[in-house]
Amino acid sequence: MATLSAPVSLLALPTAPSPLTQLRRSLQADVLKLRRTAALRLTLFSGALPVLLVFSIYFFKGHAIIKPGTDPWPSFLMRSWQTAGTLLLPLFVVLLTSLLVHVETKATAWKHLYAQPVGRGAVFVSKLLVLLALNAVALLLFAGLLLGAGALLMLVRHKLGFQSHAIPLETIGWMLMRTYVATLGLLAVQYIVSLFWRSFVVPVGIGMGAVVSTIALLQWEHADKIPYAAPLGTAVALRLDKVKGIVVAHELAPHEWYSLAWFAGALVLGYILLLRRPITA
Amino acid sequence: MNSTAPLLVETRDLSFHFGKRPILHNLPLQVPAGGIYGFLGPNGAGKSTTMRLLLGLLQPTAGSVYLFGYELRRNRVALLSRVGALIENPSLYDHLTGFENVEATRRLRGVPAPRTAEVLEIVGLTDAARRPAREYSLGMRQRLGLATALLSDPALLLLDEPTNGLDPNGIIDMRELLRRLRDDHGKTIIVSSHLISEIEKVATHVGVIQQGRMVFQGSLPDLQRLQTGRARLVLETDSADTCRNLLPRLLGAAQIVGQGTLWLPMLTPAQTAEVAAAVVGAGQPLYGLRLEQPSLEETFLHLTETALS
């Protein structure tokens, strides 16, 4: 075929956007797609449930839990964190990843997404970053609500003595960081599972099954290697020091390192699996 | 095919297997710049698979895809920046408004912000832009999908069955839109369909695929010439059988299709006159003698049926 008469511009190879530009664009699109999604609502409201439960316990039965004159913050924090970390936090991560990936699946948008001038890497990393951000927001909201509940108890349950003791902010900060790390392993595994099966039911089923099985396996000597057990491991890391009050080690525990290893391993393996996958849906 | 226009899309020996099941065999697709290429075939012939291969959604088992003269495999992201696509049913986020749906892809492509409103205007959805996509009718959804495909003002548009599920008015609207996109905006369009009637009015080139093989490819006039070759003379008389027996030299090759109807392969005007004279000369009544062109539809069916056998 003759190409001489063709306009030069038509046959010049356009330049591809740089990987960073692709990622930025994917992120901007992904953030817009969050509007009015269940994933976003879940993020905003999930932290409220454990706080509300613990707040109610202290509001109605606080006098029976706290001896007069003792610091109420340690038991308040422990109870809240254990309520959240045992079941709610892992389930939250399972639901969040499944819901976020399902936004594309439900819209049959994978074929559309991969037909755009962005690489598969950008799509993969962008959604992962959104997930990580939502997970962080949910945890921060949880901590914020926890502090708010404590403050409210200062006002409405004066006798419990929340106002007479220092708020253990440093411990809360470390707990937030360590809990976040503890969720990363299961987040990555669930992300890959969601991308691989591209359905809502399968990843939620696998995730819930894994969370429940983990609870049954807690006595196992290798339980700290299960990513679904890590948030619980961190939740029970809080301990009471006679001098310092409630404390937590300022370092990562083995189960949190395992969580990081799962995070890295699942993402690398998952990315390789998904990279050349045919897009048929 | 027009030899002066460069090829915007070309596949060389393109084959695809789904598992062990072969879907496409050595497909030689050639789409010249500035045309509307009607990609035709019955359902399941391999049209959607081909479209997906053209976008790099599937990897060919053998052969390669060239867009704008460059191999897709090596330059996918760069080349896709000049391609807009609508594959089967449009990918719409029901929880977003029409505007937000287009906007999501606009951000993804890095196109300037005012473009969202422009493409909504082109497809006539400006008024409905603020409504959630879940409230859109099928036709509106197709148009919204098309708006998204038009975002980057792509030189090449791939539309897979864009009239699927549309009512007759919707089909006419879509046809008008395609014509306008080619004539006013200079787009090259590949549009697939299983109905030739939907695209014969707009297509400049046609490719017919059957069971994963290209059975015809050429300009629309080429296809029309093909059907001229299949034109026939229809002879109406009293008894077709008697007539043929009386005139074995002239009517031996004729096909009896009814009590008094005969089909003859197309003849020259002189031969036609000879047939008329002979029938009358043999004492048979001649009720009618006319040239009949098969419709494009029949040609299309003939092509796909021939390939089947």
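Placed above this text is the structure.
Residues numbered from 1 in each chain as written. Chains lettered and ligands numbered in written order. Predicted model: local features only at pLDDT ≥ 70, side-chain atom pairs only at ≥ 80, totals over all residues. Heavy atoms only, no water.

## Thoughts on the overall build of chain B
In plain terms, the rule: The helix and strand labels rest on DSSP assignments: H or I over at least four residues marks a helix, E over at least two residues marks a strand, and numbering proceeds from the N terminus. Computation of the radius of gyration draws on C-alpha atoms alone. For the globule rule, the value is 2.2 Å times the number of residues to the power 0.38. Residue exposure (1.4 Å probe, protein chains only): buried if accessible area is under 20% of the type maximum, exposed if over 50%, otherwise partly exposed. Residue contacts follow a heavy-atom distance rule, with two residues in contact if any of their heavy atoms lie within 4.5 Å. Residue-level accessible areas treat just the shown protein chains as cover; the underlying method is Shrake-Rupley with a 1.4 Å probe.
Scanning chain B for helices and strands turns up twelve helices and 15 strands. On C-alpha atoms alone, chain B measures out to a radius of gyration of 24 Å, which is more than a quarter above the 19 Å that the 2.2 N^0.38 rule sets for 309 residues. On the principal axes, the C-alpha backbone points of chain B span a range of 80 × 45 × 40 Å. The 309 residues of chain B split such that 55% are buried. In chain B, once contacts between residues fewer than 6 apart in sequence are set aside, the share between residues at least 24 apart is 68%. Just so you have it, chain B exposes about 13,000 Å², and 50% of that area is on carbon and sulfur atoms.

## Observations concerning the overall build of chain A
A tally of regular secondary structure across chain A gives eleven helices and two strands. For chain A, the N- to C-terminal ordering of α and β elements is α-α-α-α-α-α-α-α-α-α-β-β-α. If one aligns the C-alpha atoms of chain A with their principal axes, the spans along those axes are about 95 × 40 × 30 Å. A separation of at least 24 residues holds for 82% of the contacts in chain A among residues at least 6 apart in sequence.

## Considerations on a nonpolar patch on the surface
All names here are of chain A. The condition is simple: To count toward a patch, a residue needs a relative accessible area over 30% and no salt bridge; like charges are then connected within 9 Å, while nonpolar side chains (Val, Leu, Ile, Met, Phe, Trp, Tyr) are connected within 5 Å. The term salt bridge refers to a pairing of a side-chain nitrogen on Lys or Arg with a carboxyl oxygen on Asp or Glu at a separation within 4 Å.
Nonpolar side chains collect at one region of the surface, where F196, W197, V202, I206, L269 and L273 lie side by side and expose about 540 Å² of accessible area between them. Counting only elements with at least two residues in the nonpolar patch, the list comes to α8 (169-197), α9 (201-216) and α11 (254-275). With respect to the helices and strands, W197 occurs in helix α8. Judged by its relative accessible area of 44%, W197 falls in the partly exposed class.

## Regarding the interface of chain A and chain B
Filter applied, for reference: Note: buried area is the sum, over both parts, of the accessible area (probe 1.4 Å) each one loses when the two are combined. Counted as a polar contact is a pair of N or O atoms within 3.5 Å, where, for protein atoms, one must be capable of donating a hydrogen and the other of accepting one, and residues adjacent in sequence contribute only when both atoms are in side chains.
The interface is formed by 45 residues belonging to chain A together with 46 residues belonging to chain B. Here chain A meets chain B over a buried area of about 4,000 Å², counting both sides, of which 60% is carbon and sulfur. In this structure, the connection of chain A to chain B is made through two salt bridges. For E100(B), the salt bridge is made with R36(A), and the minimal N-O distance between the two is 2.3 Å. Taken together, the connections running from chain A to chain B amount to 20 residue pairs in polar contact (both at pLDDT 80 or more).

## Focus: the pairing of strand β7 (residues 83-86) of chain B
Residue and element names in this part refer to chain B. Quick reminder of the rule: Strand pairing requires that DSSP identify at least two bridges connecting the strands.
Of the two faces of β7, the one holding V83 and A85 and the one holding G84 and L86 are both buried throughout. In terms of strand pairing, β7 meets strand β8 (residues 156-160) through four bridges, oriented parallel. Opposite L86, over in β8, you have L159 as the bridge partner.

## Section: the pattern of salt bridges
Applying the stated criterion to the full structure yields 25 salt bridges over all chains. Across the salt bridge formed by D224(A) and K225(A), the nearest N and O atoms sit 3.9 Å from each other. For K225(A), a relative accessible area of 30% translates into the label partly exposed. With its nearest N and O atoms 2.9 Å apart, the salt bridge here joins R115(B) to E118(B).

## Digging into the packing of aromatic side chains
Residue and element names in this part refer to chain A. The cut-off we apply is this: Stacked, tilted and edge-to-face are the three classes applied to pairs of Phe, Tyr and Trp rings, where Trp contributes its six-membered ring and a pair requires centres within 6.5 Å; stacked means planes under 30 degrees apart, edge-to-face means over 60, and tilted covers the rest. Geometrically, a charge over a ring is one whose NZ (Lys) or CZ (Arg) sits within 6 Å of the ring centre while staying within 35 degrees of the ring normal.
Taken as a whole, this structure holds 14 aromatic pairs over all chains when the rule is applied. Aromatic side chains F55 and F59 sit 5.7 Å apart centroid to centroid with 25° between the ring planes, which places their arrangement in the stacked category. Placement of the pair is F55 and F59 together in helix α4 (residues 48-65), with a separation of four residues, close to one helical turn. Ring centres 4.9 Å apart and planes at 90° place the aromatic pair F59 and F60 in the edge-to-face group. Three or more aromatic residues joined by ring pairs form one cluster here, namely Y58, W73, F76 and F162. Above the ring of F59, the side-chain terminus of R157 is found at 4.0 Å from the ring centroid.

## Some words on the side chain of T163(B)
Residues and elements named next belong to chain B. On the secondary structure map, T163 appears in the loop between β8 and α6 (168-183). For T163, a relative accessible area of 11% corresponds to the buried category. Once you skip the residues sitting within four places of it in the chain, T163 turns out to touch I171, M174 and E198.

## Observations concerning the sheet that holds β7(B)
All names here are of chain B. This is how the line gets drawn: Angular values range over 0 to 180 degrees, each being the angle between N-to-C directions of two axes fitted as lines to C-alpha atoms, with helices fitted over their stretch in contact.
Ordered by their spatial adjacency, six strands build an open sheet running β7-β8-β9-β4-β10-β11, and the pairing between neighbours is mixed. Both edges of this open sheet fall to β7 and β11 (213-219), since each of them pairs with a single strand only. Across the sheet, the mean angle separating the axes of adjacent strands is 15° when strand polarity is ignored. Where strand β4 (residues 36-40) and strand β9 (residues 188-193) come together, five bridges link them in parallel fashion. Looking at β9, one finds that I36 is bridged to I189. Along the sheet, helix α5 (residues 138-150) contacts β7 and β8; its crossing angle with β7, the most-contacted strand, is approximately 165°.

## As for the side chain of E161(B)
All names here are of chain B. Here E161 is to be found in the loop between β8 and α6. A relative accessible area of 8% places E161 in the buried class. There is a polar contact of 3.5 Å between the side chain of E161 and the side chain of K47. Here the side chain of E161 touches H194 through a polar contact of 3.0 Å, side chain to side chain. Once you skip the residues sitting within four places of it in the chain, E161 turns out to touch N43, K47, Q142, S192, S193 and H194.

## With respect to unusual backbone geometry
Non-glycine residue R36(A) carries a positive phi angle of around 60°. For Q211(B), which is not glycine, the phi torsion reads 50° and is therefore positive. Structurally, Q211(B) can be placed in the loop between β10 (205-210) and β11.

## Re the packing of α8(A) against α9(A)
All names here are of chain A. Here is the rule: Each helix crossing is assigned a hand: it is left-handed if the near helix lies turned anticlockwise from the far helix by less than a right angle, otherwise right-handed if that turn is clockwise. The residue classification treats Ala, Val, Leu, Ile, Met, Phe, Trp, Tyr, Cys and Pro as nonpolar and Asp, Glu, Lys and Arg as charged. All others, Gly included, are polar.
Their axes nearest at 8 Å, the elements α8 and α9 cross at an angle of 150°. For the element pair α8 and α9, the recorded crossing hand is right-handed. Residues Q190, V193, S194 and W197 of α8 pack against V202, P203, I206 and G207 of α9. Among the residues forming the contact of α8 with α9, the class breakdown is five nonpolar, three polar and no charged.

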